[in-house]
2 protein chains.
Amino acid sequence: MYSIGEFSRATGLTVKTLRFYHEKRLLEPRHVDPDSGYRYYHPAQFETARAIVALRSLEFPLEDIAAILAEHTDGGNLDEGDLIEFLRAHKAEMEQRLSHYQDVAASLNQIISRELEARTAMQNANYDVQEKTVDRQLVAGYRMRGRYQDCGQGYAKIGRAFGRHICGKALMLIYDQEYKEDDADFETCLPIRKGESKGEIAVRELPSQDCIALLHKGPYDTLNRSYNKVMTYIKDRGYEILSPCREVYLKGPGMIFKGNPKKYLTEIQIPVRK
Amino acid sequence: MYSIGEFSRATGLTVKTLRFYHEKRLLEPRHVDPDSGYRYYHPAQFETARAIVALRSLEFPLEDIAAILAEHTDGGNLDEGDLIEFLRAHKAEMEQRLSHYQDVAASLNQIISRELEARTAMQNANYDVQEKTVDRQLVAGYRMRGRYQDCGQGYAKIGRAFGRHICGKALMLIYDQEYKEDDADFETCLPIRKGESKGEIAVRELPSQDCIALLHKGPYDTLNRSYNKVMTYIKDRGYEILSPCREVYLKGPGMIFKGNPKKYLTEIQIPVRK
DNA sequence: GCTTGACCCTCCCCTTACTGGAGGGCATAG
DNA sequence: CTATGCCCTCCAGTAAGGGGAGGGTCAAGC
């Protein structure tokens, strides 16, 4: 028979933990001195302790461990096969947690890399009107009608459906030919790696296009000034404007904080035929 | 101003939670009626509530959230960029948990599939002496000298070093020409998918070999009876015995429980030249 | 036989992020 | 006058132990 300290050193469980397991009736010392209250453990209990440690390292809750052990107190011949359903159920639970942490880690990665990209975008920013060709890209889009301020709902919908496949900056396609306040026709889009349309969310590839582009720095309610610049540029050169035009939100309200609108960075892209 | 119930419905946080956040000074109602103690929230506090929800969904501890918010109580223009180091540190933490759950899920998978394999092995068992050819396989081996009962230490050593690359049943190579009790020369081996030798653990490929094999059912201390059968078979046919011979532990003491030795299943494989 | 130091005991509080409930105040509707 | 619906505070509980106070026990050395 071993005192609690000896048993602790032999099993690697702390004295506190052993007392706790005694209280929870998980691992009861074979003998307790009625006078002193000292706990004495039998060598045969090493095996039980080992099993508990193994189950704990697999994150089994103590309650389940107690149930498993109690189901087979008689001989100690308990076999893993006897608890295969237990193991399966627990595995499902663990996989759920696993995928939860995958999501969390992926979100953190996205936030961080998005911020870093925004930083470099900010540094390399060129606030002149530019002619450029945008690459084709796969997006999930949700078309809506109403006010631009309500676009958040659109992004949220797509985010919920394609969360972990998002791979770039949010953008918006604007189908109106002129600025509308209350009944705008637009489509919130998020670039994704892969996926298929479901319900109101359409997945498709946006084509490569020649664009006149301009970086707009500042809050959205001053976007019109930048639009004017682009339009003047286009008219001066006599290009034909194609629809829909795009806004790419290089830096806008974040996933956590809305940030300072003065630092928002938006790229206006007007597709044209030269 | 919103009562706690209204604010709760608007933010999705429960009333209890809001009171708790008040106590923790995370989200203090803008006004508290001194007479009734009623809490009243300002619409501007939606933004803070949203940020808290976002940070919580990323598993940030409340304490960190409080620190983040307190660092920038002034304007609400806090930007994700301002806390990028916070995010990085937290990401590291989350990835640690992620890999922990990956380990746990992998272990559970291994235990379950091992058990299922053992079951089919048990059903398709043929308890006659057989001539067979074993496939080559990559193993990590730890050679030791002493008593067979101490082999557990060898498997533990390999398990610690190659844990997640193990891909099959434990086996043992026996280098002695005859049975030895106390000073046996053997090597504990675990099949692995990939890996390289390190320290005392040697990784190498076991060759394909022609063997005389026999399934032994029962505890290890009755293995000698099965050995006798095999040896008789080999002598009768005049085959030449090659060294080392192998024992494959199809079903033995599990990772959690030692199980019932009467159900242990071991395959004896004696390599021969015919 | 006594002292000393190591060991052991119980009991209580602490952790996280909340949830549940008891007991009570206040106002409005029927 | 009662019922319902808000709201309040305070207490207790969760999982799996850890930390520490205050006090009893064991074995060895003198």
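Residues numbered from 1 in each chain as written. Chains lettered and ligands numbered in written order. Predicted model: local features only at pLDDT ≥ 70, side-chain atom pairs only at ≥ 80, totals over all residues. Heavy atoms only, no water.

Student: What should I look at first to understand the relation of the copies chain A and chain B in this one?
Tutor: Relating the two copies of this chain is a rotation about some axis coupled with a shift parallel to it. When chain A is fitted to chain B, the residual RMSD is 0.4 Å, and the transformation amounts to a turn of 179 degrees plus an axial shift of 0.0 Å. In symmetry terms, the pair is related by a two-fold rotation axis. Judged by C-alpha distance, Leu98 of chain A is the residue of chain A that lies nearest the rotation axis, at 2.9 Å. Interface residue correspondence from chain A to chain B reaches 100%, placing this contact among same-surface, isologous pairings. (Least-squares fit on C-alpha atoms with pLDDT ≥ 70 in both. Contact = heavy atoms within 4.5 Å.)

Student: Any chance you could explain the protein's contact with DNA strand C here in plain terms?
Tutor: Neighbouring residues of DNA strand C: 18 residues in total, closest Ser3, Gly5 and Arg19 of chain A together with Lys16 and Tyr21 of chain B. Close to the protein, within 4 Å, the atoms of DNA strand C belong to sugar or phosphate groups at a rate of 67%. For DNA strand C, a phosphate oxygen lies 2.8 Å from a polar atom in the backbone of Gly5 of chain A. Mapped by element, the contributors of at least two residues to the surface near DNA strand C are α1 (4–11) and α2 (15–23) of chain A together with α2 (15–23) of chain B. Ranked by residue count, the leading element in the surface near DNA strand C is α2 of chain B, at 4 residues. Taken together, the residues of the surface near DNA strand C break down into 7 nonpolar, 6 polar and 5 charged. (Near = heavy atom within 4 Å. Polar contact = N/O pair within 3.5 Å; in protein donor to acceptor, adjacent residues only side chain to side chain. Helix = DSSP H or I, 4+ residues; strand = E, 2+ residues; numbered from the N terminus. Nonpolar A, V, L, I, M, F, W, Y, C, P; charged D, E, K, R; others polar.)

Student: I would appreciate a short explanation of the sheet that holds strand β2 (residues 31–32) of chain A in the present structure.
Tutor: Paired through their backbone hydrogen bonds, the strands of a sheet run either parallel or antiparallel. Residues and elements named next belong to chain A. Read from one edge of the open sheet, 3 strands run β1-β3-β2, paired in antiparallel fashion. Every interior strand has two partners, whereas the edge strands, β1 (2–3) and β2, have only one. Direction of pairing for β2 relative to strand β3 (residues 39–41): antiparallel, over a ladder of 2 bridges. Across the sheet, residue His31 finds its bridge partner in β3, namely Tyr40. (Pairing = 2+ DSSP bridges.)

Student: Would you take a moment to explain the nonpolar core for this structure?
Tutor: Soluble globular proteins: nonpolar side chains tend toward being buried together. In this structure, Leu27 and Ile256 of chain A together with Ile256 of chain B are the most contacted members of the largest nonpolar core, which totals 63 residues. In contact with Leu27 of chain A, not counting residues within four places along its chain, are Phe7, Leu18, Tyr21, His22, Tyr41, Gln45, Thr48, Ala49 and Ile52 of chain A. If you look at the next biggest cluster of nonpolar residues, it comprises 31 residues, including Tyr142, Tyr155, Leu214 and Cys245 of chain A. (Core = buried A, V, L, I, M, F, W, Y, C linked by side-chain atoms within 4.5 Å. Buried < 20%, exposed > 50% of the residue type's maximum accessible area, 1.4 Å probe, protein only.)

Student: I would appreciate a short explanation of the interface of chain A and chain B in the present structure.
Tutor: One widely used convention gives an interface's size as the accessible area the parts lose upon coming together. Opposite the 49 residues of chain A that make contact, chain B presents 49 residues. Note on chain A versus chain B: buried area summed over both sides is about 4600 Å², and carbon and sulfur give 65% of it. Seen at the junction of chain A and chain B, the total is 0 salt bridges. Applying the counting rule to chain A against chain B returns 10 residue pairs in polar contact (both at pLDDT 80 or more). Only α3 (45–57), α4 (62–70) and α5 (84–123) of chain A provide two or more residues apiece to the side of chain A that touches chain B. In terms of residues, the side of chain A that touches chain B owes the most to one element, α5 of chain A, which gives 22 residues. Of the residues assigned to the side of chain A that touches chain B, the class counts are 24 nonpolar, 12 polar and 13 charged. (Buried area = accessible area lost by both parts, 1.4 Å probe. Salt bridge = Lys/Arg side-chain N within 4 Å of Asp/Glu carboxyl O.)

Student: Looking at this structure, I do not really get the sheet that holds strand β1 (residues 2–3) of chain B. What am I missing?
Tutor: Taken in spatial order, the 3 strands of this open sheet run β1-β3-β2 (chain B), and their pairing is antiparallel. The open sheet has two free edges, formed respectively by β1 and β2 (31–32) of chain B, since each of these has just one partner strand.

Student: Explanation requested: the packing of helix α1 (residues 4–11) of chain B against helix α3 (residues 45–57) of chain B in the structure shown.
Tutor: Angle between the axes and distance between the axes are the two parameters that describe a pair of packed helices. Residue and element names in this part refer to chain B. Running from amino to carboxyl end, α1 crosses α3 at an angle of 50 degrees, the nearest separation of the two axes being 11 Å. Comparing the axis directions of α1 and α3 gives the class oblique. The chirality of how α1 crosses α3 is right-handed. Between α1 and α3, the residues in contact are Phe7, Ala10 and Thr11 and Gln45, Phe46 and Ala49, respectively. (Axes fitted to C-alpha atoms, helices over the stretch in contact; angles between N-to-C directions. Parallel < 35°, antiparallel > 145°, perpendicular 65-115°, else oblique. Left-handed = near helix turned anticlockwise from the far one by under 90°.)

Student: So what exactly am I meant to see when it comes to the protein's contact with DNA strand D here?
Tutor: Close contacts around DNA strand D come from 18 residues, with Lys16, Tyr21 and Tyr38 of chain A together with Ser3 and Arg19 of chain B the closest. Separating a phosphate oxygen of DNA strand D from a side-chain N or O atom of Ser3 of chain B is a distance of 2.7 Å. Contact distances for DNA strand D include 2.3 Å between a phosphate oxygen and a side-chain N or O atom of Arg19 of chain B. Among the elements that line the surface near DNA strand D, the one with the most residues is α2 of chain A, at 4 residues. Broken down by class, the residue content of the surface near DNA strand D amounts to 7 nonpolar, 7 polar and 4 charged.

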